[in-house]
Amino acid sequence: MATDTALPVLTANDFASDQDVRWCPGCGDYSILAQMKKVLPSLGVPREKTVFISGIGCSSRFPYYMNTYGMHSIHGRAPAVATGLKSCRPDLSVWVITGDGDGLSIGGNHLMHCIRRNLDINIILFNNRIYGLTKGQYSPTSPVGKVTKSTPMGTIDNPLAPLCIAIGCEASFVARSIDTNIKHLGMVLKRAAEHRGISFVEVYQNCNVFNDGAFDYATDREQKFDTTLELEHGKPLIFGKNRDKGIRLNGMNPEVVALGKGISEDDLLFHDERAPEPTLAYLLSRMRHPEFPEPIGVFRDVDRPKYDELINAQIAEARSTKGEGDLQKLY
Amino acid sequence: MATDTALPVLTANDFASDQDVRWCPGCGDYSILAQMKKVLPSLGVPREKTVFISGIGCSSRFPYYMNTYGMHSIHGRAPAVATGLKSCRPDLSVWVITGDGDGLSIGGNHLMHCIRRNLDINIILFNNRIYGLTKGQYSPTSPVGKVTKSTPMGTIDNPLAPLCIAIGCEASFVARSIDTNIKHLGMVLKRAAEHRGISFVEVYQNCNVFNDGAFDYATDREQKFDTTLELEHGKPLIFGKNRDKGIRLNGMNPEVVALGKGISEDDLLFHDERAPEPTLAYLLSRMRHPEFPEPIGVFRDVDRPKYDELINAQIAEARSTKGEGDLQKLY
Amino acid sequence: MATITSGPKPVVELESATVRFCGDSGDGMQLAGTQLTNTSALAGNDVATFPDFPAEIRAPRGTKAGVSGFQIHFASKDIYTPGDQVEALVAMNPAALATNLSDLVPGGILIVNRDAFDDKGMKQAGYQTNPMDDGSLSEYRLFQVDMTKLTRLAVEGCGLGQKESDRCRNFFAMGLVFWLYDRSLDPTLRYIDAKFAKKSPAVADANRKALMAGYNYGETTEAFAAQYRVNRAELPPGTYRNLTGNEATAYGVMTAAKRSNCELFLGSYPITPASDILHELSRHKNFGVRTFQAEDEIAAITATIGAAFGGAMAITTSSGPGIALKQEAMGLAVMTELPLLVINVQRGGPSTGLPTKTEQADLLQAMYGRNGECPMPVVAARSPADCFDVVQEAWRIAVRFMTPVMVLTDGYIANGSEPWRIPDVSKMPPIEVKHPGPSHNGDVFHPYERDERLARPWALPGTPGLMHRIGGLEKQDVTGNVNYEPDNHQHMINTRARKVANVANDIPLQEVTGPEHAGLLVVSWGGTYGACATAVREVLESGGSVAHCHLRYLNPFPRNLGEILGRYDNVLVPELNRGQLRLLLRGEFLIDAIGLNKVKGKPFTVVEVVDKIQELLADN
Amino acid sequence: MATITSGPKPVVELESATVRFCGDSGDGMQLAGTQLTNTSALAGNDVATFPDFPAEIRAPRGTKAGVSGFQIHFASKDIYTPGDQVEALVAMNPAALATNLSDLVPGGILIVNRDAFDDKGMKQAGYQTNPMDDGSLSEYRLFQVDMTKLTRLAVEGCGLGQKESDRCRNFFAMGLVFWLYDRSLDPTLRYIDAKFAKKSPAVADANRKALMAGYNYGETTEAFAAQYRVNRAELPPGTYRNLTGNEATAYGVMTAAKRSNCELFLGSYPITPASDILHELSRHKNFGVRTFQAEDEIAAITATIGAAFGGAMAITTSSGPGIALKQEAMGLAVMTELPLLVINVQRGGPSTGLPTKTEQADLLQAMYGRNGECPMPVVAARSPADCFDVVQEAWRIAVRFMTPVMVLTDGYIANGSEPWRIPDVSKMPPIEVKHPGPSHNGDVFHPYERDERLARPWALPGTPGLMHRIGGLEKQDVTGNVNYEPDNHQHMINTRARKVANVANDIPLQEVTGPEHAGLLVVSWGGTYGACATAVREVLESGGSVAHCHLRYLNPFPRNLGEILGRYDNVLVPELNRGQLRLLLRGEFLIDAIGLNKVKGKPFTVVEVVDKIQELLADN
Ligand SMILES: Cc1ncc(C[n+]2csc(CCOP(=O)(O)OP(=O)(O)O)c2C)c(N)n1
Ligand SMILES: Cc1ncc(C[n+]2csc(CCOP(=O)(O)OP(=O)(O)O)c2C)c(N)n1
Ligand code: SF4
Ligand code: SF4
Ligand SMILES: [Mg+2]
Ligand SMILES: [Mg+2]
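Small disclaimer: the values here were computed from a predicted structure and weren't measured.

Asker: I'd love a proper account of the overall build of chain C, names of residues and values included.
Answerer: When its secondary structure is counted, chain C shows 20 helices and 22 strands. Taking 25 Å as the expected radius of gyration for a compact globule of 620 residues, we find that chain C reaches 27 Å, a close match to that expectation. With respect to the principal axes defined by its C-alpha atoms, chain C has extents near 85 × 65 × 45 Å. Across the 620 residues of chain C, 67% fall into the buried class. The contacts in chain C between residues at least 6 apart in sequence include a share of 77% that link residues at least 24 apart. By element, 50% of the accessible surface of chain C is carried by carbon and sulfur atoms, the whole surface being about 19800 Å². Charge-centre separation for chain C: the mean point of 59 positive side chains lies 5 Å from the mean point of 69 negative side chains.

Listed below in structure tokens is the structure:
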């Protein structure tokens, strides 16, 4: 099998399955799929060692399109399926693909517990702020007032912020990107793959059929420099077409300031992915359009003990202290 | 019925049901029950307008002991039961009693969504860091390494912090108290009842049978002044037997400082329950023993639209714009 | 507004007609079908429809996976099914033709959009050569129409881009079919006004023009020799409107709420094919309807239980997988003896299965899906309009016996439609609901003190003096206190079972259509009613010795069912499952019921049932 | 170490004895019972036990709700039940006496802790006067012992406070009972050493002293006239140890993992009475056992599915309400055709029900609790030790047919115990598991290409060339691709059903104890085995015409079951439910099976079954 483990150089196409892709023309899922296929060959993990687990939703069809192992499980349960798989098979590289409904509505609890256990997998949440597959009901990330099939008078549920939840559970890696920002998306997916422990990534994804333009503010050529802010480790928080605006800390609260006229980069809030305390990451995850530019990139990247390592370490320890189990002795 | 709504003056005993209480002798649940019975008469809400909904667990036996309406529902679902009840019956004062397993393990998702919707109810989570009713397995709040029936080699799950989760969901009222600190507990329960919108309260509760002493550090006569910190709105964060220590902000991180020798109260972090952004509350919820004194009291108390009000407001609006529904016209 | 009356060509009268529009998901076939349906209903026909769309939101354009179809059966006699075979097929592209042709009767009318048959389209459909030229369609009456071109011409000058222009093609197709069956364009023109006139006059104008163009094309071109006409049916007098099963379910619960004078609460989590009930109910807040889109099915039903505790008419809607998730909570509803409805719009299983396809395989789950001895009444709707009656009946049972009730419909009747005779609200009897009033004697209230039906009182929070606690642990009868005593448990197990059994005394006796005694009794339930009723009628007309017994009440069975079953030499149970009702009948009545079972995600055809009946009659 | 051999008093030989310790939850009755059980097992008796504890963690001290009991039946013949009635009752307080006395045979030995009968204690138990003085106990052989005082005296000088001293009372009681039945103290002394010697020598010393004191009290005081002895039973040769059902289940899965050479994964969420399986397995990590305490039952089973996909022997354990929650995911396991075990330790239902009581009411949930046609093999254990064999058999079926398997046990056998003949690991045949190896030809792998049993290949992630995707949507046979075609769906529905039906070819034929033909056949399943077997034996001995057929395999049934049922005039199905197996037998075999049904949270007594058998035999 040396031949297999010796990693023949693979291309994006090698990761494409024989199934034709069945998303609506123009769906943001296509570009996420494309970036994933592009990133995987660069990781040096053979296809057979890669597994995609998903729940149910348009986004959750993802595994069918990858020439890897995969399971299109049931609604909301992918993180739990992945927990069983990764605990028994730490040798595998496991990805969970989920949606804002799959991951935050029915699956919110599994997501939370999977994150807090810091299982060494990558969770990509396709956030289109709508239920796509069931044809357009509001989701836990839909903004208040959103008119949908199930809310003709507008939603009254205050939305959940995926990253706030992840950080509330002490996620060791938290990031955000955008379907159409393909270079950035590729970078984020790669960083997520490289991180050991849970990697939680929110991707803004356009559902052009049931929630078209939900993220125009963040993708529009003109606006995006003012409405998004690319995080860079150790760098000050600067944004704007001419990079002439920044985020300054005022007590515990961020505020937008114009650079120049007395305010220099050093007065700004500096990003620190590796801050041991998640408070900064939390503060960043709270910055929302239109009050603030929405940060994209890596919010947090710290090292914590990993569930799959620990569960197997206990097995090893038990074996070394008690010796390999002997049934006859046990009886 | 005037006689009933004219609130005869009630006593704690009026709120006791005819069932004898069946917790282990010495269980912390007793004192929480006692405080609840003491606080309710002071709220001016008649017994028949008060409803206790619980899930399953020792703590969830609570409703049986109250002479109010109540439902001992199924494991983890109390917040959802309460959502249906309160949405149809905003006139009722609804309390949810849950445990660290009931509320954060199987019920974590309902808790999260109930909080983010800001339903006008009070959720009291009895945190004894163990599964009591099922006789001693670790819970989502058990510290790493905890040896229990199901973890003879110690737990490997990083615990969840109830308040971090609640704040991650933008809870409009968040507080913490301790079973044995009865005056403080009474105050917190009253504040929770007075708050409109979701009130989330974590109560440290001793399970003297399966997790005895889990909170000794916070209740011990000698230590408690150094290990806990009573939050007061608008006041600096001071603690210690002689109130000679405080919390100062260093960048985004809290640090313990000794007062005097150049450090005055004004240098300390001041508490603000009403801060519109939850970042401060989040930072406080991250302060854990032994690095920090653990804050008790009200972390956050802000006003947000309430789900039960909104759902009924839409009904009213629809009726005023479209007129009361007429089936014959509809057909 | 323009009204076009029938033109010069000869008109052939038909008793019934079956038409199917098929094309790409993007071609608006569902709309075309709906318009023809409503127009026919207004024309006084009896109609039955069968929409059939892909599971994918939108499969790649032009692929077979993306084909969407809508079949309409309209007639001057009363009909129960959308028809086994299609007499006129409209195919908008090659994939649609390839996947639907097999359902067209030999000699049937075949209208094809010729423009769509380019190489790419044909390749996607798997055609090597153009079927219109290679003679493979010779057995049909083929009409090749350049719909794309003709539509573009028709809408020229409306200021639409090509993409929008092509979107009008379905209106052209409608116009043509409307001419062919001599149908008025008015309802569709009205629809266009209502739907587009304000939003975008240009589109409205274009659709109107395309519709007319299609109609005129039929009238003027030589291609079509004759028109067809289906006269109004002899339906019982009254005003009718067309209704889908999910609409009927929504109207039914709203009506039940009104009749019982309850506020309506729906706790639901979206799932195909049940979501439309949530959508419909959420549009009627002015009826006091509260719709709660929960975080999952478990929250949906437990919120429903909370609402029921509070005194609302509380219902939860879902389909297979979601119903499985609700089972534990149904146990709580049974234990707390609260009235609520669990509505299961069955779909293809197991697991995620075939979300957009129909099936009847959740009957045993409805009966036995819960832990412990946990009986619940079960009722099932037989047709789209019947959903309206069944949910009201279910609510009547729920409040009278203080019990959750399971209502079964399926994707076929939920999406299908038929004319519904509009009832007179003022003539509907109230559904009686009692709540005990306040008590001031200071006595402890007994929440499990039962009436003659074994129903417990529905005491509402807020009522002075009735404070009480309920829950999922076994409870002492009368007091409702938690109780683990052996004899009490046995008593409560028996009581809950007897209470549900008592429902049999409050429902009508089972009726049979056909002879009192015969060689065969066909026993059906749910959405297979139409096929079975039609099949039995046909066999009877051809002199066969058969009768039909359709069950609305599945738990408990009507009191006289056993006696009925005994009267016939053989019993046939056609089901879209592997024999679930059959097991119940065999187990309860020890009769050797025979099954006709089909699990293909599709309803029975009449022929399938007729053939089985004939086979069994022949055997005797 | 001290060994006390039997003393001066006369020794009466008995064939069997039934003893029950009862007292407050805090009195250590479970420990007392366990010690007597193990000692008797070591003495070579056959034993059967029935621990019975309250649902409350700890109800208020001295209340009836807080009474905990442990019954042991030990004998020199082989026995299957803990005994209907108690021959010797040890009551540590008034509440215990009040709640247990009715089970003591007239003339039975009654040992009471006199000291506990103070006013408070008697009031809590509802005694107006002291039963020991008002003659109400006259029909029993009453022994009043001042256990509290005597124990305190005995442990004086061990340096314990009064509270700790009183904790030793159960050892005093044990000592007394051990003397009474001429049992060796050694095992208990060893237990004391192992358990306390290190942790707290003082406690160890005190317990030892209390134990001896009790023993000596029996020997020296005049009170007791004689001792009793139950000789070793003629069990099949071999070494035995005592095992509870949950322990046997844990050992069984560990053994199955070893035999199939799989890593063991348990995904579970605690729930009474299943939690002990999780506890036991989590203690054996050195066997490569991974235990995952999930956030809920749904996570538990879906993690189990993930582990199965990865190639582990994956199991999930729960009880009624938790099993209901797992149903949707079981559907996924059926659809993905992965091998795993779902172990349901049944408890009293419905809903939360009676968590610590036993019941058999989840059989139909096991069969039909899922949406759609979703067949799963179902097997049930008949006794504590049988759990060991049944879970291995279940795993053999699971891997051979690539299917999830439901294993049913119940609270009665899970907590009860019996001697278990220790097997020889080296003699156990392997359970064969095949995984397809790597493929390098570049062909697409076919995950649903089946073998002669219709099982699909278990291809593991990590295997080059076998990359494939599975899921809950209907799939095309062979390729496993998503597929919505009608005929494929029918084919897959049939295939999944046939696959499970095929299991019947891989299991032993059903056996019957008793005559080949008789007036009555008793058909039982699960934990009622003991009562039924004993009852049939008794009736046979008294010349009755009856036979016994106990089913281990409930889905599919053994191939010859129908033929067997046909051989008997009547069929009786005793169940701790309202007739669930009865429904299945009637439905499948159309026989008029009669039910003996009890739903009291307690097992059958032998007498109950005997009486019913006699009644039916009399009727003929
Ligand atoms: C148990 C269960 N409940 C409900 C559904 C129906 N359902 C399928 S996907 C979905 C939500 C999809 O939304 P999201 O997760 O945001 O995915 P998207 O389609 O937007 O990518 C729902 C409600 C289901 N398949 N299973
Ligand atoms: C569906 C379901 N799963 C599991 C259980 C078993 N169970 C009852 S309470 C409980 C956890 C109790 O822990 P917690 O919520 O912390 O309450 P405590 O007893 O500690 O107050 C569990 C696992 C159950 N009753 N129902
Ligand atoms: S419905 Fe929306 S999310 Fe789903 S495939 Fe279509 S565009 Fe994408
Ligand atoms: S087990 Fe613990 S939590 Fe439960 S009642 Fe006893 S002491 Fe209280
Ligand atoms: Mg979405
Ligand atoms: Mg707890």
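So much for the structure itself; the text now carries on.
Asker: I'd like a rundown of the overall build of chain A, residues and numbers included.
Answerer: The number of helices and strands found in chain A is twelve helices and eleven strands. Taking 331 residues into account, the globule formula puts the C-alpha radius of gyration at 20 Å, and chain A, at 21 Å, falls close to it. Seen through its principal axes, chain A has C-alpha atoms that stretch 80 × 45 × 45 Å. Evaluated residue by residue, chain A yields a buried proportion of 65% over its 331 residues. Partitioning the contacts of chain A with sequence separation of at least 6, the portion at a separation of at least 24 is 66%. Here chain A contributes 37 positive and 39 negative side-chain charges, whose respective centroids are spaced 3 Å apart.

Asker: Explain the site of ligand 3 to me, and be specific about the residues and the numbers.
Answerer: Taken together, eleven residues surround ligand 3, and among them Cys24, Cys27, Cys58, Cys207 and Asn208 of chain A come closest. Ligand 3 sits at a junction of chains, with neighbouring residues supplied by chains A and C. Considered class by class, the residues forming the shell around ligand 3 number eight nonpolar, three polar and no charged.

Asker: Please provide a residue-by-residue account of the interface of chain B and chain D, values included.
Answerer: The partner chain D presents 26 residues to the 27 residues of chain B that form the contact. Together, the buried faces of chain B and chain D total about 2100 Å²; carbon and sulfur atoms form 59% of this surface. Per-residue buried area on chain B facing chain D is highest for Arg22, Ile106 and Ser150 of chain B; these three make up 21% of the total on that side. Remark: the boundary between chain B and chain D carries zero salt bridges. In this structure, the connection of chain B to chain D is made through six residue pairs in polar contact (both at pLDDT 80 or more). Per-class residue counts for the side of chain B that touches chain D are 14 nonpolar, eight polar and five charged.

Asker: Outline the pattern of salt bridges, listing residues and values.
Answerer: All told, the structure shown has 103 salt bridges over all chains when counted by the stated rule. Note that Arg400 of chain D is salt-bridged to Asp506 of chain D, the shortest N-O span being 2.5 Å. Of this pair, Arg400 of chain D sits in helix H14 (residues 386-401) while Asp506 of chain D sits in the loop between helix H16 (486-502) and strand E18 (518-525), and the two are 106 residues apart along the sequence. Overlapping salt bridges, with partners in common, bring together Arg116 and Arg117 of chain A, Asp157 of chain B together with Glu295 of chain D in one network.

Asker: Would you mind going over the interface of chain C and chain D in detail, with residue names and values included?
Answerer: If you look at the interface, chain C gives 61 residues, while chain D gives 61 residues. With both chains or domains summed, chain C and chain D bury close to 5200 Å², and 62% of this area falls on carbon and sulfur atoms. For the pair chain C and chain D, the number of links is two salt bridges. A salt bridge links Lys600 of chain C to Asp487 of chain D; its shortest N-O distance comes to 2.8 Å. On the surface where chain C and chain D come into contact, there are 26 residue pairs in polar contact (both at pLDDT 80 or more). Elements with a contribution of two residues or more to the side of chain C that touches chain D: helix H12 (320-336), helix H13 (363-368), helix H16 (486-502) and helix H19 (580-589) of chain C.

Asker: Pulling in residues and values, what's your account of the side chain of Asn113 of chain D?
Answerer: All names here are of chain D. In this structure, Asn113 sits in strand E6 (residues 104-113). At a separation of 3.2 Å, a polar atom in the side chain of Asn113 contacts the main-chain amide nitrogen of Met147. Within the local environment of Asn113, its side chain forms a polar contact with the side chain of Thr148, the two groups lying 3.3 Å apart. Contact partners of Asn113, with chain neighbours within four places excluded, come to Ala91, Met92, Val145, Asp146, Met147, Thr148 and Arg169.

Asker: An account of the site of ligand 1 is requested, with residue identities and associated values reported.
Answerer: If you check the shell around ligand 1, you find 21 residues, and the closest are Cys58, Ser59, Asp100 and Asp102 of chain A together with Glu297 of chain C. Those chains with residues close to ligand 1 are chains A, C and D. Gly132 of chain A places a main-chain nitrogen or oxygen 3.0 Å from an oxygen atom of ligand 1. Relative to its unbound accessible surface of 590 Å², ligand 1 loses 98% to contact with the protein. Looking at which element gives the most residues to the shell around ligand 1, the answer is helix H4 (residues 100-106) of chain A, with three residues. Of the residues in the shell around ligand 1, the class split is nine nonpolar, eight polar and four charged.

Asker: For the sheet that holds strand E10 (residues 253-258) of chain B, give the residues involved together with the corresponding values.
Answerer: Residues and elements named next belong to chain B. Reading across from one edge, E8-E9-E10 is the order of the three strands in this open sheet, with antiparallel pairing throughout. The open sheet has two edge strands, strand E8 (238-239) and E10, and neither has a second partner. Inspection of the sheet shows E8 paired to strand E9 (residues 245-250) by two bridges, in the antiparallel sense. Within the sheet, the bridge partner assigned to Phe239 lies in E9 and is Lys245.

Asker: Summarise the sheet that holds strand E1 (residues 50-54) of chain B; cite the residues concerned and give the values.
Answerer: Ordered by their spatial adjacency, nine strands build an open sheet running E7(B)-E11(B)-E5(B)-E6(B)-E4(B)-E3(B)-E1(B)-E2(B)-E17(C), and the pairing between neighbours is mixed. Lying at the two open borders of the sheet, with one neighbouring strand each, are strand E7 (228-230) of chain B together with strand E17 (469-471) of chain C. Taken pair by pair, the neighbouring strands of this sheet meet at an average axis angle of 20°, ignoring direction. Pairing between E7 of chain B and strand E11 (residues 294-301) of chain B: three bridges, direction parallel. Counted as the bridge partner of Thr228 of chain B is Glu294 of chain B from E11 of chain B. Along the sheet, helix H7 (residues 182-194) of chain B contacts strand E3 (93-99), strand E4 (122-127), strand E5 (173-178), strand E6 (199-204), E7 and E11 of chain B; its crossing angle with E5 of chain B, the most-contacted strand, is approximately 160°. Most of the contacts of helix H11 (residues 297-309) of chain C go to strand E2 (residues 69-72) of chain B, to which it runs at about 155°, and overall it touches E1 and E2 of chain B together with E17 of chain C.

Conventions adopted
Along each chain, residue indices are assigned from 1 in the same order as the chain's sequence is written. As they are written, the chains are lettered A onward and the ligands numbered 1 onward, keeping that order. The predicted origin of the model limits local features to residues at a pLDDT of at least 70 and limits the giving and counting of side-chain atom pairs to 80 or more, whereas totals for whole chains, interfaces and linings rest on all residues. The basis for every side-chain value is the complete set of non-hydrogen atoms in the structure, without hydrogens or water. Every helix listed is a DSSP run of H or I at least four residues long, and every strand listed is a run of E at least two residues long, numbered separately from the N terminus. As defined in this context, the radius of gyration uses C-alpha atoms, and a globule is described by 2.2 Å times the residue total to the power 0.38. Under the scheme applied here, a residue whose accessible area is under 20% of the maximum for its type counts as buried, over 50% as exposed, and between as partly exposed, the area being computed with a 1.4 Å probe on protein chains only. We call two residues in contact whenever any of their non-hydrogen atoms come within 4.5 Å of each other. Areas reported here follow the Shrake-Rupley algorithm with a probe of radius 1.4 Å; residue values treat only the protein chains shown as occluding. Under the counting rule used here, the positive set is Lys and Arg, the negative set is Asp and Glu, and His together with the chain ends is not counted. Charge coordinates come from a single atom per side chain, which is NZ of Lys, CZ of Arg, CG of Asp or CD of Glu. Proximity is defined per residue: any heavy atom of the residue falling within 4 Å of a molecule or strand makes that residue near it. Only Asp, Glu, Lys and Arg are considered charged, only Ala, Val, Leu, Ile, Met, Phe, Trp, Tyr, Cys and Pro nonpolar, and every remaining residue, Gly among them, polar. Two parts placed together each lose some accessible area under a 1.4 Å probe, and adding up what both lose gives the buried area. A carboxyl oxygen of Asp or Glu within 4 Å of a side-chain nitrogen of Lys or Arg is what we treat as a salt bridge. Pairs of N or O atoms are called polar contacts if they sit within 3.5 Å, as long as, within protein, a hydrogen donor faces a hydrogen acceptor (for residues adjacent in sequence, only side-chain-to-side-chain pairs). Strands are labelled as partners when DSSP assigns at least two bridges between them. To obtain an axis, a line is fitted to C-alpha atoms, over the contacting stretch when the element is a helix, and the angle between two such axes runs from 0 to 180 degrees between their N-to-C directions.

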